[in-house]
Amino acid sequence: MSTSTDHGRPDPEATTLALTRDGRPVSDRGGTVCVIGAGASGLTAIKNLKEHGFGVDCYERETGVGGAWNWRHDRSPVYASTHLISSRPFTQFPDFPMPDDWPDYPHHSQLLAYFERYADHFDLRAHIWFGTEVVRVEPVEGDRWDVTTRSTGGYGPERTSRYAAVVVANGHNWSPKLPRYEGLEQFRGEVVHASSYKDPAQLRGKRVLVVGAGNTGCDIAVEGAQQASRCWHSTRRGYWYAPKYVLGRPADQVNDALLALRVPRRVRQWLYHWTLRLTVGDLTRFGLPAPDHRVYETHPIANSQLVYYVGHGQITPVPDVARFHPHAVELTDGRQIDPELVVFATGYLPRFEFLDPKVLGDDAGTGRPTLWLNAFAPGHPTLAVAGLVQPDSGVFTLSHWQSVLFARLLQLRLTRPDRAAAFAATVTGKAGERYSGPVKESTRHWFEVAHADYLRAVQRALHDLEASR
Amino acid sequence: MSRQVRIMRGREWARPVRPVRREVLSVTPELEEARPPLLFVPGFGHGAWAFAEHWLDHAASRGFPAHAMSLRGHGGSGPAPEATLRAYAHDVTQVAASLPRQAVLVGHGAGALVVAHALARYPARAAVLVAPVFGGWATLGAALRRNPVGTLPAVVGGRLRLSRRQLFSRELPEDEARRYVSRLGRAGRRAQWQLLAGRDAEPAVGRPPVLVLGSPDDRVVPASALTRAARRYGSAPLLFPGMGHDMMLDARWREPVDAILDWLEKEPPAAGR
């Protein structure tokens, strides 16, 4: 049924005790935990649950590990030049270091090699059902879960297994977010989302408009500057374009040196602004709009090259797009430009189509779950979401600690139910808590976290859970 | 020993350890037997060579892929006069993570302290501490009593000179002992001081089972220190009377390594689970 050739595959043929609502048999997997997705967060969930003595079944719709970072996957958002935004110490799993002779900002192919080595080192592949997608996840009595799966692509029968707990690690960078514009259907040029941008050759010799100033948008604008005959970069507002290196060191390491000293946010903002003024300079001189916010109030953009190419006239910064005409694009300042290719680097939306939104506390169906620590759902003590964070740093450290916390919680459910109940009360009480200072409202920033604030919150939760053990 | 997990490591993230060339000697069994790889970590002054003499081949002959490394500034690894315990532990986690499967860490002497620090940063399959030198002022006192001339310079940042009477039993032929002692190098000045007055190792991640072994006739590690080290991990030390500190080089090197491999073959249950 699966395309995997791995040995030691999990065997879900267990006793069938119950029936699903539509009358199919459910195989009971006992105390086993189900992990959805074998990307970075899923892998660390398998490893940590296993380390805490749990049986684990993981379902992965693709045929390899690495999720978004595996360029072979059809949902992978990486393009040929994708490099890390956070430097190595912030990106690696805390208990499995990346080789120290790798560059400060490794390439996406190195990331994939790292995840494959992690999977082999801790013998995780034996727990993964490759080529299997999750169709439905439903809570059943006793805080257990019925997970219905089938082969990716919808072939073959559905099968349902009952698990003691579920970790949702399906990623949040695979469902493209496409903004609506007046007249976009009539536009005669080519329109692509950044998810289908793979190689700078796609831009060569063309007049290109890149929409969006996330890290991807800035990377593509830079490649447009190098390859395209003309490159416009449209942004909604002015941003802080932080260089990847300041004072001769990776910028995030300098920032964390200040964080370690507990320098207050306002002072760090002031230092950051001051450093940027000294190194990058006044961006309005280049025709870029002045930022309408302080640094740390939007997701950080780390790109040393964007401002450089603006200064060389290779990138023309333009304001937001107003509407599309068949042969031109009208901007909000009334100007018209005539790109042949429009790349929407407008980001992705998290989606949990196998789960009733109410389970994640999203009663209104807005697509924004209400969770504590961005991971724990009120009323569902055996459910965790891993990696649903937009940190100003690497995600993997955060999802490692999320899954450690969840594994310890599941252990305590068996040994100290009173502590687990206290934890559940905290989840209900604090759901929706934020772990960053004020940030600009957007579909991305609702799960933006400051890594230090977030990790300190996880550390407190872990200590409270295990206090005086 | 604090049981609390440490998540925030801002200072470490902000100042990653510098990479350095690392010597790793490996002997792998001819037949892959799905046994965990062993990583031998020598103590201060020693290099990977100390394990390459006997233990690597012996472990491989019993089906274990065996690797021995030299800490920075030791053996064939790159020079590092300013190395700290943190840099040494970094070297161990780097080599361990580069192995194909979850490794068993075997630390000897001060290398056992380095392993104890590395265990907080890497979930080892299991750990073995051979004649562990966990430092502290008692260790210095013992060393000063036994070998004042060789120890005093180390107190002021000089080289620690261990004598062959400290390291080996009388059973080891004189010329062999002399040859081994002549190969000894020195640890970093800062690491030596940290051995005396450094912080305790953080709790191990992944709760690996830990075996402590040593000799009551060790002239570097007093028997009381051995018991203390074993108690940290909730066990008692396995003793090999009549052997010197360098159990992997001494005349009866075969007994302790066989004991380690027997223990691993029994697949010890994880501690405290």
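Remember, it's a predicted structure, so these values are computed and weren't measured experimentally. (Residues numbered from 1 in each chain as written. Chains lettered and ligands numbered in written order. Predicted model: local features only at pLDDT ≥ 70, side-chain atom pairs only at ≥ 80, totals over all residues.)

> For this particular structure, what's the right way to read the domain arrangement of chain A?
Many structure descriptions define interface size as the accessible area lost when the parts assemble. Residues and elements named next belong to chain A. As far as domains go, chain A holds domain 1 (16-175 + 349-466) and domain 2 (184-341). Placing the centre of domain 1 and that of domain 2 at their C-alpha centroids yields a distance of 31 Å. The interface is formed by 22 residues belonging to domain 1 together with 21 residues belonging to domain 2. When grouped by side-chain class, the residues that make up the side of domain 1 that touches domain 2 number 10 nonpolar, seven polar and five charged. (Domains from an automatic or database assignment. Contact = placed C-beta atoms within 7 Å. Nonpolar A, V, L, I, M, F, W, Y, C, P; charged D, E, K, R; others polar.)

> Which parts of the structure should I look at to understand the sheet that holds strand β19 (residues 328-331) of chain A?
Note: strands within a sheet are paired through backbone hydrogen bonds, in either parallel or antiparallel orientation. Residue and element names in this part refer to chain A. Across the sheet, three strands lie side by side as β18-β19-β20; this open sheet has antiparallel pairing. Each edge of the sheet is formed by a strand with only one pairing partner; in this case those strands are β18 (321-325) and β20 (336-337). When β18 meets β19, the two strands line up antiparallel, connected through four bridges. By the bridge assignment, Phe 324 is partnered in β19 with Val 329. (Pairing = 2+ DSSP bridges. Helix = DSSP H or I, 4+ residues; strand = E, 2+ residues; numbered from the N terminus.)

> Any chance you could explain the interface of chain A and chain B here in plain terms?
Taken residue by residue, the interface counts 28 residues in chain A and 24 residues in chain B. For the side of chain A that touches chain B, the secondary structure elements donating two or more residues are α2 (88-91), α3 (108-121), α5 (251-260) and α10 (451-466) of chain A. For the side of chain A that touches chain B, the element with the highest residue contribution is α10(A), accounting for seven residues. Grouping the amino acids of the side of chain A that touches chain B by side-chain chemistry returns 14 nonpolar, five polar and nine charged.

> Quick question: what am I supposed to make of the UniProt feature "domain: AB hydrolase-1" (unreviewed entry) in chain B here?
Summarizing the sequence annotation, UniProt attributes the feature "domain: AB hydrolase-1" (unreviewed entry) to residues 38-251 of chain B in the numbering used throughout. For residues 38-251 of chain B, helix accounts for 40% and strand for 12%, while the C-alpha atoms at its two ends are 22 Å apart. (UniProt positions renumbered as here; feature names shortened; annotations may be inferred.)

> What is the right way to read the environment of Gly206(B) from this model?
If you trace the backbone, Gly206(B) turns up in the loop between α10 (189-197) and β6 (210-214). Assessed through the 18 C-beta atoms surrounding it within 10 Å, Gly206(B) is described here as partly exposed. For the pair Gly206(B) and Glu171(B), spaced 35 residues apart in the sequence, the C-alpha separation amounts to 40 Å. If we ignore the near neighbours within four places in the chain, the residues touching Gly206(B) are Glu51(A), Pro123(B) and Ala124(B). (Buried ≥ 20, exposed ≤ 12 C-beta atoms within 10 Å, placed from the backbone.)

> What's the story with the environment of Thr20(A) in this structure? I'm lost.
Residue and element names in this part refer to chain A. Along the chain, Thr 20 falls in the loop between β1 (16-19) and β2 (25-28). Measuring from C-alpha to C-alpha, the distance between Thr 20 and Thr 148 comes to 9.6 Å, with 128 residues separating the pair along the chain. Those residues in contact with Thr 20 that sit more than four places away from it in its chain are Val 26, Asp 146 and Thr 160.

> Whenever I open this one, the pairing of strand β3 (residues 33-36) of chain A confuses me. Can you help?
Look at any regular strand and the pattern is simple: side chains alternate between the two faces of the sheet. Residue and element names in this part refer to chain A. What you see with β3 is no split at all: Val 33 and Val 35 on one side and Cys 34 and Ile 36 on the other are buried throughout. By the bridge criterion, four bridges tie β3 to strand β4 (residues 56-60) in an arrangement that is parallel. Paired with Val 33 across the strands is Val 56, a residue of β4. A crossover connection joins β3 to the parallel β4 through helix α1 (residues 40-51); in handedness this β-α-β unit is right-handed. (Right-handed = clockwise from strand over helix to strand, strands pointing away.)

> Any chance you could explain helix α8 (residues 396-415) of chain A here in plain terms?
Note: α-helices contain 3.6 residues per turn, so residues at a spacing of three or four share the same orientation. Here α8(A) spans 29 Å end to end across 20 residues, near enough to the 28 Å set by a 1.5 Å rise per residue. Counted residue by residue, α8(A) has 15 buried out of 20 residues, so it is predominantly covered. (Expected span 1.5 Å × (residues − 1).)

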